[in-house]
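Remarks on the overall topology
If you want the building blocks of each chain, they are given just below.
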Amino acid sequence: MIDKYSPLPIYYQIEEAIKGRIEKGELQEGEMIPSEREYAETYGISRMTVRQAITNLVNDGYLTRRKGKGTFVANQKIEQKLGLTSFTEDMKARGLKPSTKLIDFQISEARGKIAAGLGIHPGDEIYEIQRVRLADNIPMALETTYLAADLVKGLNQRIVQGSLYQFVEEELGLNIDYATQELEASVARETESEVLRIAKGTPVLLIRRYTYLKDGRPLELVQSIYRGDRYKFIIDMQRG
Ligand code: 16G
């Protein structure tokens with residue numbers, strides 16, 4: 001309930017009340033929330049104040065506005081612990097169906113940083129793959145992967161529409177061991193926004209992964225653009 005004498009601003013109290021109802025499951029994902037007018041009447045406050053609370057909740061990703069329809073409870077983000085798992089494994093672990101839309105698959109010659117990162121010579125052949133990764137048919141990430149053609153023998157378009165890690169481990173018998181990952185904030189550019197079905201300029205997470213085999217050989221360089229409205233990465237830390 002709203003306390004008009006509280007030092008907490010009223011819009012903030014409304015925000016907390018709505019958040020509380022989402023967290024308790026009284027308002028479910030995808031459900032339409034009451035209108036500004038209804039909230040204003042229920043709490044005996046102005047519509048302006050309600051609007052401010054709702055705008056803040058939209059900006060924080062709790063709610064989403066659909067033009068001409070109303071305001072709905074947003075899908076809450078996928079929480080992902082940062083570990084050396086594959087996209088296929090991550091989605092299956094959540095009970096979501098992974099799929100892949102192949103944008104590009106080509107064999108090219110390694111240059112500069114890519115050759116250096118993959119531990120091969122400039123001019124050596126590499127696979128250059130671009131994939132949109134989906135969960136229950138919703139685009140989650142756009143991944144660009146570079147692999148040394150000499151190491152990942154026999155890779156083809158069909159294989160990369162499934163799990164790359166599964167192929168590397170089960171078919172090639174290579175041991176994936178560790179990775180270094182960089183995480184940066186960014187915004188969706190035109191092509192990225194199209195394939196991820198988000199507006200241009202929407203915040204995204206840019207992740208670069210350098211993955212190595214047990215014998216130390218570099219396996220892959222991957223640059224991924226993850227939807228900022230869908231993903232939240234969690235890191236466990238210990239002070240040792
Ligand atoms: C993840 C990895 C990516 C790897 C892919 C393999 C991140 C940021 N990236 O998306 O480096 O290539 O999984 O997935 O987590 P797959 O086995 O399903 O093809």
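None of the values given here were measured: they were computed from a predicted structure. (Residues numbered from 1 in each chain as written. Predicted model: local features only at pLDDT ≥ 70, side-chain atom pairs only at ≥ 80, totals over all residues. Heavy atoms only, no water.)

Across the sheet, which stays open at both edges, the 6 strands sit in the order S4-S5-S6-S9-S8-S7 with antiparallel pairing between neighbours. On the outer flanks of this sheet lie strand S4 (98-109) and strand S7 (176-187), each paired with one strand and no other. Taken pair by pair, the neighbouring strands of this sheet meet at an average axis angle of 15°, ignoring direction. By the bridge criterion, 10 bridges tie strand S5 (residues 125-135) to strand S6 (residues 138-148) in an arrangement that is antiparallel. Bridge pairing links Leu 134 to Pro 139 in S6. (Pairing = 2+ DSSP bridges. Helix = DSSP H or I, 4+ residues; strand = E, 2+ residues; numbered from the N terminus. Axes fitted to C-alpha atoms, helices over the stretch in contact; angles between N-to-C directions.)

So, about the site of the ligand. Thr 88, Glu 143, Ser 163, Leu 164 and Glu 220 are the nearest of the 16 residues found near the ligand. Separating an oxygen atom of the ligand from a backbone N or O atom of Leu 164 is a distance of 2.7 Å. At 2.8 Å, a side-chain N or O of Glu 220 approaches an oxygen atom of the ligand. Within the complex, 99% of the 450 Å² of free accessible area of the ligand lies under protein. Because more than half of its atoms lie within 2 Å of the grid, the ligand is assigned to the largest cavity. Of all the secondary-structure elements, those providing two or more residues to the shell around the ligand are helix H4 (87-93), S5, helix H6 (164-171), strand S8 (203-213) and strand S9 (218-227). Among the elements that take part in the shell around the ligand, S9 stands out by supplying 3 residues, more than any other. When grouped by side-chain class, the residues that make up the shell around the ligand number 6 nonpolar, 5 polar and 5 charged. (Near = heavy atom within 4 Å. Polar contact = N/O pair within 3.5 Å; in protein donor to acceptor, adjacent residues only side chain to side chain. Areas by Shrake-Rupley, 256 points an atom, 1.4 Å probe, with all protein chains shown as cover. 1 Å grid on protein atoms, 1.4 Å probe; cavity = no way out; pocket = protein on both sides within 12 Å on 5 of 7 lines; lining within 4 Å. Sits in = over half its atoms within 2 Å of the grid points. Nonpolar A, V, L, I, M, F, W, Y, C, P; charged D, E, K, R; others polar.)

The quantities given are spatial measurements derived from coordinates; they are silent on function.
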